[in-house]
Amino acid sequence: MFEHISLMTLDSLQKCVFSFDSNCQESPSEYIAAILELSALVVKRQRQIFLYPDVLYYLTPDGRRFRRACDLVHNFTDAIIQERRCSLLTEGSHDFLKAKAKAKTLDFIDVLLLAKDEDGKELSHEDIRAEADTFMFGGHDTTASGLSWVLYNLAKHPEYQERCRQEVQELLRDREPKEIEW
């Protein structure tokens, strides 16, 4: 179950972070494969204390796989940031925000591109990439673990499952299915 939920959280996060429809639950994606590989390699590396120093780790086959996966993830994020930054410069921030608000598509990258510190300085490209990659890498696994745990416990305790079902039914009672959006 965790694998399916993990793909669902990756799909959802790509939509929220990048406004990107990956459909990774139905078709494979190099980016998603790289994220999953990075997760597995990090866990594996944590169990091998002698590979903690980067200089040693990058000499191993796993270290080289880790670097390739990182490069793929960074290149994907870089391309989206660059595309969005060009749109922002072309349209201007006011028109860009109006278009995003109208389409209801303001995502995490947009927020980071528009963010400024107290001195009016924007985030660097590297800062934006680090935030987006961290959000994707850490967010999908944590969310998938939490959802899996909740579903496991609901399956083990049918009385709480029924209470949750009733609450959802009550909340959605007067709504048309087409009104419900992600």
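Residues numbered from 1 in each chain as written. Predicted model: local features only at pLDDT ≥ 70, side-chain atom pairs only at ≥ 80, totals over all residues. Heavy atoms only, no water.

- Under an unreviewed UniProt entry, the protein has the name Cytochrome p450 4f6-like and belongs to Lynx pardinus.

1. Considerations on the nonpolar core
Right, so step 1: Formed by 29 residues in total, the largest nonpolar core has its most connected members in F18, Y31, I109 and M136.
Right, so step 2: Elements represented by at least two residues in this core include exactly α1 (2-18), α2 (30-46), α4 (61-91), α6 (108-114) and α7 (125-156).
Right, so step 3: At eight residues, the largest contribution of residues to this core is made by α4.
Right, so step 4: What I109 contacts, discounting residues up to four positions off in sequence, is V17, F18, I81, R84, I128 and A132. (Core = buried A, V, L, I, M, F, W, Y, C linked by side-chain atoms within 4.5 Å. Buried < 20%, exposed > 50% of the residue type's maximum accessible area, 1.4 Å probe, protein only. Helix = DSSP H or I, 4+ residues; strand = E, 2+ residues; numbered from the N terminus. Contact = heavy atoms within 4.5 Å.)

2. Section: the side chain of R84
Right, so step 1: Checked against the element boundaries, R84 lands in helix α4.
Right, so step 2: Separated by 2.7 Å, the side chains of R84 and D107 make a polar contact.
Right, so step 3: Leave out the neighbours within four places in its chain, and R84 touches F18, S19, F96, K100, D107, I109, D110 and L113. (Polar contact = N/O pair within 3.5 Å; in protein donor to acceptor, adjacent residues only side chain to side chain.)

3. Details of the pattern of salt bridges
Right, so step 1: Scanning the model with the defined rule gives ten salt bridges in all.
Right, so step 2: Across the pair K44 and D62 runs a salt bridge whose closest N-O atoms are separated by 2.8 Å. Taken together, the positions of K44 in helix α2 and D62 in helix α4 put the pair 18 residues apart, joining distant regions of the chain.
Right, so step 3: Take K44: its relative accessible area is 35%, and that puts it in the partly exposed class.
Right, so step 4: Judged by its relative accessible area of 12%, D62 is buried.
Right, so step 5: Among the salt bridges present, the one from D78 reaches R129, with a minimum N-O distance of 3.2 Å. Of this pair, D78 sits in helix α4 while R129 sits in helix α7, placing them 51 residues apart in sequence.
Right, so step 6: The exposure class assigned to R129 is partly exposed, which follows from its relative accessible area of 22%. (Salt bridge = Lys/Arg side-chain N within 4 Å of Asp/Glu carboxyl O.)

4. Quick look at the environment of E159
Right, so step 1: Note that E159 resides in helix α8 (residues 158-172).
Right, so step 2: Look at E159 and you get partly exposed, because its relative accessible area is 45%.
Right, so step 3: Note: C-alpha distance between E159 and L89 (70 residues apart in sequence) is 54 Å.

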